[in-house]
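A structural walkthrough
If you want the building blocks of each chain, they are given just below.
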Amino acid sequence: MKKLRKAVFPVAGLGTRFLPATKAIPKEMLTVVDRPLIQYAVEEAREAGIEQMIFVTSRGKDALEDHFDVAYELEATMTARGKPLDALDGTRFPPGAIVSVRQQQPLGLGHAVWCARDIVGDEPFAVLLPDDLMVGSPGCLAQMVEAYEKIGGNIVCAQEVPRERTASYGIVTPGAADGRLTEVKGLVEKPRPEDAPSTLGVVGRYILQPEIMPILAATGEGAGGEIQLTDGMAALIGRQPFHAVTFDGERHDCGDARGFVLANLALALKRDDLAGAVRAWLDRA
Ligand code: UTP
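Residues numbered from 1 in each chain as written. Predicted model: local features only at pLDDT ≥ 70, side-chain atom pairs only at ≥ 80, totals over all residues. Heavy atoms only, no water.

Surrounding the ligand, one finds 17 residues, the nearest of these being Pro-10, Thr-16, Arg-17, Lys-27 and Gln-103. Within the backbone of Pro-10, an N or O atom sits 2.7 Å from an oxygen atom of the ligand. Protein chains shield 84% of the accessible area of the ligand, which is 570 Å² for the free molecule. (Near = heavy atom within 4 Å. Polar contact = N/O pair within 3.5 Å; in protein donor to acceptor, adjacent residues only side chain to side chain. Areas by Shrake-Rupley, 256 points an atom, 1.4 Å probe, with all protein chains shown as cover.)

Looking at the element boundaries, Gly-152 is found in the loop between helix H6 (140-151) and strand S8 (154-160). For Gly-152 and Gln-240, which are 88 residues apart along the polypeptide, the C-alpha to C-alpha distance reads 9.3 Å. The contacts of Gly-152, once residues within four sequence positions are left out, are Met-1 and Ala-147. (Helix = DSSP H or I, 4+ residues; strand = E, 2+ residues; numbered from the N terminus. Contact = heavy atoms within 4.5 Å.)

Note that Met-53 resides in strand S4 (residues 52-57). A relative accessible area of 0% means that Met-53 is categorised as buried. Residues Met-53 and Ser-100, 47 residues apart in the sequence, show an inter-C-alpha distance of 8.2 Å. If near-sequence neighbours (up to four positions away) are discounted, Met-53 is found in contact with Ala-7, Phe-9, Val-42, Ala-45, Arg-46, Phe-93, Ala-97, Ile-98 and Val-99. (Buried < 20%, exposed > 50% of the residue type's maximum accessible area, 1.4 Å probe, protein only.)

A general feature of soluble globular proteins is that nonpolar side chains tend to end up buried together. Counting residues in hydrophobic clusters, the biggest one holds 37 residues, and the most contacted among them are Phe-9, Ile-38, Phe-55 and Leu-141. Secondary-structure elements contributing two or more residues to this core are strand S1 (6-10), helix H1 (37-47), S4, strand S6 (125-128), H6, S8 and strand S11 (200-208). At seven residues, the largest contribution of residues to this core is made by H6. Residues Cys-115, Val-120, Ile-215 and Leu-229 belong to the second largest nonpolar core, which totals 31 residues. (Core = buried A, V, L, I, M, F, W, Y, C linked by side-chain atoms within 4.5 Å.)

Before going further, it helps to examine unusual backbone geometry. Residue Pro-20 is bonded to the preceding Leu-19 through a cis peptide linkage, with omega at 5°. By the element assignment, Pro-20 lies in the loop between S1 and strand S2 (31-32). Across the junction of Ser-137 and Pro-138, the peptide omega takes the value -5°, indicating a cis bond. Summarising the element assignment, Pro-138 is placed in the loop between strand S7 (132-135) and H6.

To continue, consider the packing of aromatic side chains. Between two aromatic rings, the relevant description is the distance of the centres plus the angle of the planes. Inspection of the entire model under this criterion finds four aromatic pairs. Considering the side-chain rings of Phe-9 and Phe-55, the 5.6 Å spacing of their centres and the 80° angle between planes classify their relative orientation as edge-to-face. Here the residue Phe-9 occupies a position in strand S1, and Phe-55 occupies one in strand S4, the gap between them amounting to 46 residues. Judged by centre distance (5.3 Å) and plane angle (80°), the rings of Phe-18 and Phe-260 are edge-to-face. Of this pair, Phe-18 sits in the loop between S1 and S2 while Phe-260 sits in helix H9 (residues 257-269); the two residues are 242 residues apart in sequence, bridging distant segments of the chain. Phe-260 carries the same exposure label as Phe-18, and that label is buried. Grouping aromatic residues by their ring pairs yields a cluster made of Phe-9, Phe-55, Phe-68 and Phe-93. A cation sits over an aromatic face here: Arg-46 above Phe-93, 4.0 Å from the ring centre. The cationic tip of Arg-117 hangs over the ring face of Trp-114; the distance from NZ or CZ to the ring centre is 3.8 Å. (Phe/Tyr/Trp six-rings, centres within 6.5 Å; stacked < 30°, edge-to-face > 60°. Lys NZ or Arg CZ within 6 Å of the ring centre and 35° of its normal.)

A word on the state of the cysteines. As enumerated under the stated definition, the model contains zero disulfides in all. The cysteine Cys-254 is free of any disulfide, with Cys-140 supplying the nearest cysteine sulfur at 14 Å. (Disulfide = S-S within 2.5 Å.)

Written as structure tokens, this is what we have:
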């Protein structure tokens, strides 16, 4: 089994559910407490042993690359003033560890992943959607890697979702289950509640084999007129092992204002330096 070394971060979406915040700022640069969403996802990948981060970006998203670049003036000025640089720790990587490729048109998540095919090459790879902020210890991708090292194949992260919300998720047709691991017998993108094969929803973390790339190249438009990653993954089922890992931790969907505000509160309440003030304010509100 090949070691998992690469992760794809599809960050080329338009973020229309979070306008006007995302008109000039990438959704993935929105800040939860004190760091942008992309940094949480990149730190999660690094914790899971990922060596190369591949951003699939688009026009107007340069801030994502800048965030992980060396900021000479900032570092020189801080050093000259005797200020420690440790606040920048999660943003420093060796040359070549962060690479990017553009998705010229927002044709869907499946298409965004396919845009990274030449950088991924003939290796398994992870996909992380930064607007799903996963809080857990070990981190979400590390939990999935632990399962991957035992069973290989393809693995999606899953979570029980309310039946009335199935139309917002890819939904698993479940097979045999063993603790947090469930065999995936089928995947359906955004089914209506009455059509959903279960309430096990796929959330934004995946470990995929490179054979998905030619399948994505041949995948036509699916739900919403977009090339769906779910449709590509569904075509792999039966050809390769496919499992879902139920994440042991909290997920915050930061793709809209509601989830984003709750994520800020949840993470602030976990911080010793902030929890007291936030709780006191909430108690008064
Ligand atoms: P979303 O479904 O959240 O789409 O994409 P979006 O465009 O970001 O946001 P809304 O729905 O308009 O508000 C899930 C992930 O897939 C990426 C997004 O950047 C996000 O990380 N994506 C989506 C792409 O990279 N390219 C696409 O064509 C579509």
